[in-house]
Amino acid sequence: MCTRCSRLNRRSLLVGGGALAASMTTGIAQARVRPADMVPLIGPGFRPTDTDEKGLWQQMDRVEEEVSGSNLLIKDPELVAYLQNIIGTVGGPAARDMRIYLAHIPDFNAVMFPTGFAVVFSGLLLRMRNEAQLAGVIAHESGHFLRRHMIRSWRDTKRKSDLFAIGAMAAGVVGAGAGVYMGDYVQLAQLGTILSLFAYSRAMEAEADAMGARLIAESGYPPIEMANVWEQLIGEEEASARYRRKRRRRGTLFDTHPSPTSRMQDLRITASEVTVPGRAYDNGRSRYLSKIAPVRQMLLDDQVKLNDPGASQYLLNTLALDGWNGLLRYYEGEVWRLRNRAGDDTRAAQSYAVAVAYPDAPPEAWRWHGLSLIKEGRAPEGKAALGRYLQMEPGAPDAPFIRQMVG
Amino acid sequence: MRKLGLAFALVAGVAVSGCVQSRQYADVQFTPPQGDYRLLIMRPDVVVNSLTTGGMSEPRADWTEQARGNIIKSLGNEQSGRGGKVLVLARRNELPNVSAEEIADLERLHYAVGNSIALHKYSGASLPTKHGKGLEYTLGEDAVSLGRRTGYDYALFLYAQDNIASSGRTALQVLGVAGCIIGFCAPSGGSNQFAYASLVDLRTGEVVWFNVLQTGSQLPGVKFGDIRTQPGADQMVERLLGRMKAGKEVRKAAEKR
Amino acid sequence: MRTAKLLLVAATLPLAACGTVGEGSDFGVYQLIRTKPTNVGNGSLTVVPPRPWNKQRRFLFFDSVRWVEDWTLNGPYLDGITFVSGLPSGQYLIRQRKSDERQVPKFRSDMTAPEVTAMLETAFRVRGGAIEFKTLNLQPRQFLGQPGFQFDFEHLDGDELWRKGRAVGAVVDGRLYLMLYDAARSHYYANALPDFEVMANNARIRA
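Residues numbered from 1 in each chain as written. Chains lettered and ligands numbered in written order. Predicted model: local features only at pLDDT ≥ 70, side-chain atom pairs only at ≥ 80, totals over all residues.

J.: Just checking my understanding: could you explain the overall build of chain B for this structure?
T.: Check the secondary structure of chain B and you find seven helices and nine strands. Across the 257 residues that make up chain B, the buried fraction comes to 54%. A sequence separation of at least 24 residues applies to 78% of the contacts in chain B between residues at least 6 apart. (Helix = DSSP H or I, 4+ residues; strand = E, 2+ residues; numbered from the N terminus. Buried ≥ 20, exposed ≤ 12 C-beta atoms within 10 Å, placed from the backbone. Contact = placed C-beta atoms within 7 Å.)

J.: Can you help me understand the interface of chain C and chain A in this one?
T.: How big an interface is tends to be stated in terms of the accessible area lost upon association of its parts. Counting residues at the interface gives 39 residues for chain C and 31 residues for chain A. Breaking the side of chain C that touches chain A down by element, the ones donating at least two residues are helix 2 (113-126), strand 7 (130-143) and strand 8 (146-157) of chain C. Split by residue class, the side of chain C that touches chain A holds 15 nonpolar, eleven polar and 13 charged. (Nonpolar A, V, L, I, M, F, W, Y, C, P; charged D, E, K, R; others polar.)

J.: What's the story with the environment of S44(C) in this structure? I'm lost.
T.: Residue and element names in this part refer to chain C. The topology assignment puts S44 in the loop between strand 2 (38-40) and strand 3 (45-47). Each C-alpha atom of the pair S44 and Y177 lies 9.6 Å from the other, and the pair is 133 residues apart in sequence. Once you skip the residues sitting within four places of it in the chain, S44 turns out to touch S85, G86, I205 and R206.

J.: Sorry, what's going on with helix 11 (residues 309-319) of chain A here?
T.: The periodicity of an α-helix, 3.6 residues per turn, causes residues three or four positions apart to be oriented the same way. All names here are of chain A. Buried residues dominate helix 11, accounting for nine of its eleven residues. Buried residues of helix 11: P309, G310, A311, S312, Q313, Y314, L315, L316 and L319, and no others. Contacts from the buried residues of helix 11 go to helix 3 (122-127), helix 8 (224-243), helix 10 (285-304) and helix 12 (326-339).

J.: Any chance you could explain the nonpolar core here in plain terms?
T.: Counting 199 residues, the largest nonpolar core has A118(A), I138(A), I216(A) and M179(C) as the members making the most contacts within it. Among the elements that take part in this core, helix 3 (residues 100-122) of chain B stands out by supplying ten residues, more than any other. Of the domains in this structure, domain 1 (11-159 + 187-274) and domain 2 (324-406) of chain A are the two that each give at least three residues to this core. (Core = buried A, V, L, I, M, F, W, Y, C linked by C-beta atoms within 7 Å. Domains from an automatic or database assignment.)

J.: Can you walk me through the sheet that holds strand 2 of chain C in this structure?
T.: Residue and element names in this part refer to chain C. As summarised here, the arrangement of the three strands in space is 2-3-11, forming an open sheet in which the pairing is antiparallel. Edge positions in the open sheet fall to strand 2 and strand 11 (204-205), since each of these has one partner strand only. Note: strand 3 against strand 11, two bridges, orientation antiparallel. Within strand 11, the position partnered with T46 by the bridge is R204. (Pairing = 2+ DSSP bridges.)

As structure tokens, this is what we get:
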């Protein structure tokens, strides 16, 4: 593997400011925007007239062409149709024009482009507990689109860098370099770095929050779920940081993104403003769980194999609020096994033993259960478990090796 | 952002001066295509940006479309000057018998190969096993299969970027350079171009020729061949492709005669 | 005629000296490996390459691990062999900070082959930029005269290119000895696989 090919590293994804997850970085709170003030600035069939916006759209069209041809997409038609349906519901007046793509990337992120297409990362699907939360994220991104934040922030950045350059010249500092190139064979995994051009201000994030809450409430989803998304993300970040014994960064004056805590609080207030008393809201949990079910194991696999024990544990515990099962206990074991601190092999063994007691335990659970037993010195039981694994998956890629172990 | 990094690195290298530089590598046995050959030009990537005062690159749709049309025309003319038949691929699904996915896979492989060439031939991380061997890179059997099914002999991958300084930026440049007189130099990069071309022989799958072109100027108001104009595009294409030299062994053989 | 005019214009402009483009500047990142017995990693493993390869210079201070060494034929984007020569228990394949969110697990001497390969898979996902990773095969295989394993896999990386690989390894006296081959699935994997097989079969531990 190319361990020094740093640009192959997915970590560059979250650097972008235009993507949702980047707004996780902390900052001073922004005054709450009232949802009643949020009206869409884009109607159906919008096309740009200004020269610079036309240029940007042209680039974005090329980006969409690349995105739709990318082999990093999950193309499961039912799942994509489900997402398309959601964006059609909460996308506002221009919803019919919007396109949505699902990327096989285990990070929590959703990205909206100025030409009206969105990319949702598969890590997002793992973290949403119901359809209302997913709709909330999509509606937030639609908010950026409907309030024309991209072109506004693009122009802001341009204006600011113009001022900087003149100021810098006066101060005798060498001016800015050749500038950033957008376009060419834009590759999906690089999106985050490209979108650093669309750094949304605190005000814009607040607008998108307000617009998003309004959109989902109008579609019958409980708007409080948007606040819950932040609560879950904060929890995950804290769990991940706590494991690494780092503190979640506190706000600084110079940060342009509002603190998730204050956004969560603002969203709670906003939710109460847009909630119509007496109206029935539905968070669509069972529908969501059944739609995600076919890819759930893949999503868990992607997440757990990244070996971020704090975050993975938090996510598993959150999913387990709906009830533990063989799949979740198996992945609980996997988190311990990969973390591999003192005593983790025992913890992992216990989780595997519990997992195989459930009817939905995946075959891999039997394999690891067997290997754990053998390591504990309980060879006959271990081999029996491995035998069970081979029975369930005779064509498993590692069957030749496991068969030799069974003897 | 590998490609960006590459463009940055190379352009940044040019930014401190005004110059045209280009260095080509070819297979030792390479002879530039002549006579009746068929050339497939893969989706050419052309962008023209306006360099704002602050150094930001602002893509201009109108300039880009103009330049793209010019470059495609220049490519056609340049190649017809050599007597070949050219198809410029605008979308991945334009070739009969070849799926869009196959073209995509070839593009992705070329991305890795092109970057390898740029890294190991142009950026100082040379591979000792390739010393003195010209170009020793291939796209392999997939490229040969493409050639066989479509009847093309060569494929050309081309990428071109032109950043044209706006008047605001030119003004800044004047200030910067003027400052040098009083001992206070603050040059800011002016118009610049970066392009590469890669020629693949579809009968063998090998990259037989590769060239990088960079131009740039610190001098205010100097524009190298503006590719928004036909002559400018012709000039870039000419610089990139027109001086295609034969490989080392072929040249040596020619000299001996 | 037009060409001549342009050349003339170019000549009259006061051009500053250009920096060199091309093979002129070389930072010595790669060294030549010749076709003779060569010690790799920390020197405890010896292989004989069937043709010349390129060895990547290690920055032991920065990011390299003493027991790990990388070779390539066409450059790391296209192919490479990683040698692990006697990695002790409790060590990592790569350098990483304890505070990194995503960690490559450490090697432990009581690891079975499935655990070693799971460690490799996580390394690919966390460090190698792999978005998808598929195990193709895991089977017993002799390595260095000891019972070991062969692991075949494929992965899709952030540059959207599919790569394919093979690892051959064994745990000997509690230490990990491994040869990992990884290359672009189209053309490059098949191209150097015979070299890898030759070296996997002639590899020896130096006493």
